[in-house]
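One-letter residues, chain by chain:
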There are 2 protein chains.
Amino acid sequence: MKAVKELDYSPNIMARGLITKTSNTIGVFFGDQKNAGFEHPFLSQLITSIKDTIGVVGYDLLIFSNQKRDTSSFKSICYERGVDGVILILTGQRRNDEKIFNLHNSLPVVYIDSVPNSNYKKVNFVESDNEQAAFDATEHLIRLGNRKILKLAGDRIAKASFDRIAGYKRALLKNNMPIDEKLIQYGEFSKEKSYEIVQSCIRNNLDIDAIFTSSDMMAFGAIEALKDLHLRVPDDIAVVGFDDIEQAKLYKPALTTVHQQSYKMGELASKIVRPSAM
Amino acid sequence: MKAVKELDYSPNIMARGLITKTSNTIGVFFGDQKNAGFEHPFLSQLITSIKDTIGVVGYDLLIFSNQKRDTSSFKSICYERGVDGVILILTGQRRNDEKIFNLHNSLPVVYIDSVPNSNYKKVNFVESDNEQAAFDATEHLIRLGNRKILKLAGDRIAKASFDRIAGYKRALLKNNMPIDEKLIQYGEFSKEKSYEIVQSCIRNNLDIDAIFTSSDMMAFGAIEALKDLHLRVPDDIAVVGFDDIEQAKLYKPALTTVHQQSYKMGELASKIVRPSAM
DNA sequence: CTGAAAGCGCTTACAG
DNA sequence: CTGAAAGCGCTTACAG
């Protein structure tokens, strides 16, 4: 131990990993689209929480960023880097079933808020109760007297997207309101895309009195579009977001939104991926 | 190659690394204090940009999160994980010279916005021209007629902190204004700490007409404190921030602030740490 | 050009 | 209990 100190020695984890088949590393796959980078506050909070939670029990965090191997399956990428578990946060990203194939039976896997709809019965995942949350948010808008609520949904892939639409529909049905498919648009969780959709809806005289978006960033895009068209929020058109990111509080007037416990979600995912250690 | 496809084979990077002494991995040390996590938009943009830049040339990103080895030196941590280069983003964090000792001559190292003041002549670092930026911002406040400008500085360690104070001082001197050390306070880049400082300054009747903070988050803390004391911004007290994070734009009225090109900084740091590959 | 051997720095049985 | 050997999955010289 004296020599260890003197030489500032520490064991080479690669050599150790060759034997023990462990690396004390948790891998994370992160959306690679613009709207799904760390800049998104909800996602960066997830990462912070994962980093902290696994750090306490001795793990480092590997972010898969290498774009030169985009044809490999997630399974082989995980094997290649020898991670002990993997967390998938693929919000807003095209999911390729081929890439995910076989991943689940080779190491601990958990999705956060982005389990593919076709797959969610077979895998671990952490998410908010999106259906109920969307139901509550929509009812809130209805109680305020709104009747023509535009649902600015996420993508057509993730369970979270579908569930938020389902909650919206359930609230309409419960209040004996018709479901108009033209009032359901897909903003891909993108502020810019949402801006465009709202601009085009208003310009095409779509009759709406409120907008319920599937993320706060989408809500900001929607509000910007409304303002640019000289519509007042919420007087002319009410807007409700989803996520409750920091900006929602700072925004004046503060954005009405659905809170997601991002820190807790990251923590829980970390514990699922390393059940023994935590 | 047919077998490779069929078996979904990919080489074990640990075994390969044992021979080649490379891992196609860039390590990142990140501040571990509350105010320096990914939740800080400036920092999460840096990480996004590093992730993207190194990803294009085939690298993954290792975030050192393991808290169980906090006594090791950075050098031994890097050796242990076999990273090919390391980026240090230690804003707002106590820097321990012992930990950094010897790191610089064992692998490519670059600091972002956080080089220890005692060390900055010997190492690579990427930063804004903080002195000039602080000078410009302070002059802006002076031109608006402000005479008693509180400098809400960062910490007492980082070069960026000192440089922003230096720029502030130079602007005062150039305009024949006295430098009052009581008007320089350290907010540790923290919103909460800044809130407290401003509260206590005002309660103690410190005579100020403007505040120049060293980060936007600190500016938000300052503004919150002023509002809670029923002071108007900017009518009673003007506030200028630093960073130009997304929130600064969304805030109403928009926060006056100094722009930092965070994406470019991350990109540049990535290129320095892997000069051959980019 | 092909194929077997040596060796990277560890851990884990195993022999002494 | 101590110490040498085998082996993890690769790469790189080297022999054939």
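Above this note sits the structure.
Residues numbered from 1 in each chain as written. Chains lettered and ligands numbered in written order. Predicted model: local features only at pLDDT ≥ 70, side-chain atom pairs only at ≥ 80, totals over all residues. Heavy atoms only, no water.

Visitor: What is the right way to read the protein's contact with DNA strand C from this model?
Guide: With respect to spatial proximity, the complete set of residues near DNA strand C consists of A:Tyr9, A:Pro11, A:Asn12, A:Ala15, A:Arg16, A:Leu18, A:Ile19, A:Thr20, B:Leu18, B:Ile19, B:Lys21 and B:Tyr79. Counting only atoms of DNA strand C within 4 Å of the protein, the sugar-phosphate share comes to 74%. Contact between DNA strand C and A:Tyr9: a phosphate oxygen at 3.0 Å from a side-chain N or O atom of the residue. In the environment of DNA strand C, a phosphate oxygen lies 2.6 Å from a nitrogen or oxygen atom belonging to the side chain of A:Arg16. Those elements that place two or more of their residues in the surface near DNA strand C are α2 (13-20) of chain A together with α2 (13-20) of chain B. Element by element, the count of residues in the surface near DNA strand C is highest for α2(A), at five residues. Broken down by class, the residue content of the surface near DNA strand C amounts to eight nonpolar, two polar and two charged. (Near = heavy atom within 4 Å. Polar contact = N/O pair within 3.5 Å; in protein donor to acceptor, adjacent residues only side chain to side chain. Helix = DSSP H or I, 4+ residues; strand = E, 2+ residues; numbered from the N terminus. Nonpolar A, V, L, I, M, F, W, Y, C, P; charged D, E, K, R; others polar.)

Visitor: How should I be thinking about the nonpolar core in this particular structure?
Guide: One broad trend across soluble globular proteins is that nonpolar side chains are buried collectively. Of all hydrophobic cores here, the largest spans 133 residues; its most connected members are A:Ile87, A:Ile89, A:Ile211, B:Ile87, B:Ile89, B:Ile211 and B:Phe212. Not counting the four nearest positions on each side in its chain, A:Ile211 is found in contact with A:Leu141, A:Leu150, A:Leu152, A:Val198, A:Ala222, A:Leu226, A:Ile237, A:Ala238, A:Val239 and A:Val240. Within the second largest apolar cluster, 34 residues are counted, among which are A:Phe29, A:Cys78, B:Cys78 and B:Tyr111. (Core = buried A, V, L, I, M, F, W, Y, C linked by side-chain atoms within 4.5 Å. Buried < 20%, exposed > 50% of the residue type's maximum accessible area, 1.4 Å probe, protein only. Contact = heavy atoms within 4.5 Å.)

Visitor: I keep staring at the packing of helix α6 (residues 130-143) of chain B against helix α7 (residues 159-174) of chain B and nothing clicks. Help me out?
Guide: All names here are of chain B. At a minimum axis separation of 7 Å, α6 and α7 run at an interaxial angle of 40°. As the angle between them shows, α6 and α7 are arranged oblique. Two packed elements cross with a definite hand, and for α6 against α7 that hand is right-handed. Contacts between α6 and α7 involve Asn 130, Glu 131, Gln 132, Ala 134, Phe 135, Thr 138, Glu 139 and Ile 142 from the former and Ala 160, Asp 163, Arg 164, Ala 166, Gly 167, Tyr 168, Arg 170, Ala 171, Leu 172 and Lys 174 from the latter. Residue composition of the contact of α6 with α7, by class: eight nonpolar, four polar and six charged. (Axes fitted to C-alpha atoms, helices over the stretch in contact; angles between N-to-C directions. Parallel < 35°, antiparallel > 145°, perpendicular 65-115°, else oblique. Left-handed = near helix turned anticlockwise from the far one by under 90°.)

Visitor: Quick question: what am I supposed to make of the protein's contact with DNA strand D here?
Guide: Near DNA strand D you find A:Leu18, A:Ile19, A:Lys21, A:Tyr79, B:Tyr9, B:Pro11, B:Asn12, B:Ala15, B:Arg16, B:Leu18, B:Ile19 and B:Thr20, and these make up its full shell. At the protein interface, 74% of the atoms of DNA strand D within 4 Å belong to sugar or phosphate. At 3.0 Å, a side-chain N or O of A:Lys21 approaches a sugar or linking oxygen of DNA strand D. Backbone polar atom of B:Asn12 to a sugar or linking oxygen of DNA strand D: 3.3 Å apart, as the coordinates give it. Listed by contribution, the elements that provide at least two residues to the surface near DNA strand D are α2 of chain A together with α2 of chain B. Considering every element that reaches the surface near DNA strand D, the biggest residue donor is α2(B), with five residues. Grouping the constituent residues of the surface near DNA strand D by class yields eight nonpolar, two polar and two charged.

Visitor: What is the right way to look at the sheet that holds strand β9 (residues 238-243) of chain B in this model?
Guide: The strands making up a sheet associate through backbone hydrogen bonding, with each pair oriented either parallel or antiparallel. All names here are of chain B. Pairing is parallel in the open sheet, where five strands are placed in the order β7-β6-β8-β9-β10. Edge positions in the sheet fall to β7 (184-186) and β10 (256-259), since each of these pairs with one other strand and no more. Neighbour-to-neighbour, the strand axes of this sheet turn through a mean angle of 20°, independent of strand direction. (Pairing = 2+ DSSP bridges.)

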